[in-house]
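Each chain is listed here by its residues.
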Amino acid sequence: MIDFEKYYTFPASEVSCVSVGTDVDRDNPCWLRVDLKNGKALTVYYRTGEARDNAKRILCNRIAHELNAADEQILNKLYLIFNTVRRMDKRQLRIWQQLKQLLPSLGNLEDGNNGA
């Protein structure tokens, strides 16, 4: 979840657009807006353009990090599976298959039943 200036919290996957702008007739003229896919627009106002630009940079980095974190977790799991399969040779596979045939309760353990 992304924390947007401690006013709003939303998932990074829901972000549609991040935009900035300036309103000259306000006390805090600079704004940063996050548009979500569900149609909501979340806006925070800043006194200076520099503060707004820093907040935008931090927000965009958080969004990118959260989106990439899920992809990296999937890639790490696939890498572990790939290495496990690669290390398992035919002899180990044959031993596991023989154990499964000899111990019918082993199949029940895989299903989550403990035989009880």
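Here's a quick rundown of the structure. (Residues numbered from 1 in each chain as written. Predicted model: local features only at pLDDT ≥ 70, side-chain atom pairs only at ≥ 80, totals over all residues. Heavy atoms only, no water.)

### Description of the packing of aromatic side chains
The full count for this structure, using the stated rule, is two aromatic pairs. Ring geometry for Phe4 versus Phe10: centroids 6.4 Å apart, planes at 75 degrees, classification edge-to-face. The burial state of Phe4 is the same as that of Phe10; both residues are buried. Grouped by ring-pair contacts, the aromatic residues Phe4, Tyr8 and Phe10 constitute a single cluster. In this structure, Arg26 is placed above the aromatic ring of Tyr45, and the distance from its NZ or CZ to the ring centre is 3.8 Å. (Phe/Tyr/Trp six-rings, centres within 6.5 Å; stacked < 30°, edge-to-face > 60°. Buried < 20%, exposed > 50% of the residue type's maximum accessible area, 1.4 Å probe, protein only. Lys NZ or Arg CZ within 6 Å of the ring centre and 35° of its normal.)

### Focus: a nonpolar patch on the surface
Together, Met88, Leu93, Ile95, Trp96, Leu99, Leu102 and Leu103 give the surface a local cluster of nonpolar side chains, amounting to about 660 Å² of exposed area. Considering the arrangement of structural elements, one finds Leu99 in helix α2 (residues 90-102). (Patch = residues over 30% accessible without salt bridge, like charges linked within 9 Å, V, L, I, M, F, W, Y side chains within 5 Å. Areas by Shrake-Rupley, 256 points an atom, 1.4 Å probe, with all protein chains shown as cover. Salt bridge = Lys/Arg side-chain N within 4 Å of Asp/Glu carboxyl O. Helix = DSSP H or I, 4+ residues; strand = E, 2+ residues; numbered from the N terminus.)

### Some remarks on the pairing of strand β4 (residues 30-36)
Burial within β4 is extensive, with six of its seven residues counted as buried. In this structure, strand β3 (residues 15-22) lies alongside β4, joined through seven bridges in antiparallel fashion. Paired with Gly21 across the bridge in β4 is Trp31. Both β4 and strand β5 (residues 41-46) contribute to a ladder of six bridges, which runs antiparallel. When the sheet's bridge partners are listed, Trp31 is paired in β5 with Tyr45. Between β4 and β5, which follow one another and run antiparallel, lie four residues, and Gly39 among them has a positive phi close to 100 degrees. (Pairing = 2+ DSSP bridges.)

### Quick look at the sheet that holds β4
Strand order in the open sheet formed by three strands is β3-β4-β5, and the pairing between neighbours is antiparallel. Each having just a single partner strand, β3 and β5 make up the two edges of the open sheet. If you compare each strand with its neighbour and ignore which way they point, the axes differ by 15 degrees on average. Across the face of the sheet, helix α1 (residues 49-87) comes into contact with β3, β4 and β5 while running at roughly 170 degrees to β3. (Axes fitted to C-alpha atoms, helices over the stretch in contact; angles between N-to-C directions. Contact = heavy atoms within 4.5 Å.)

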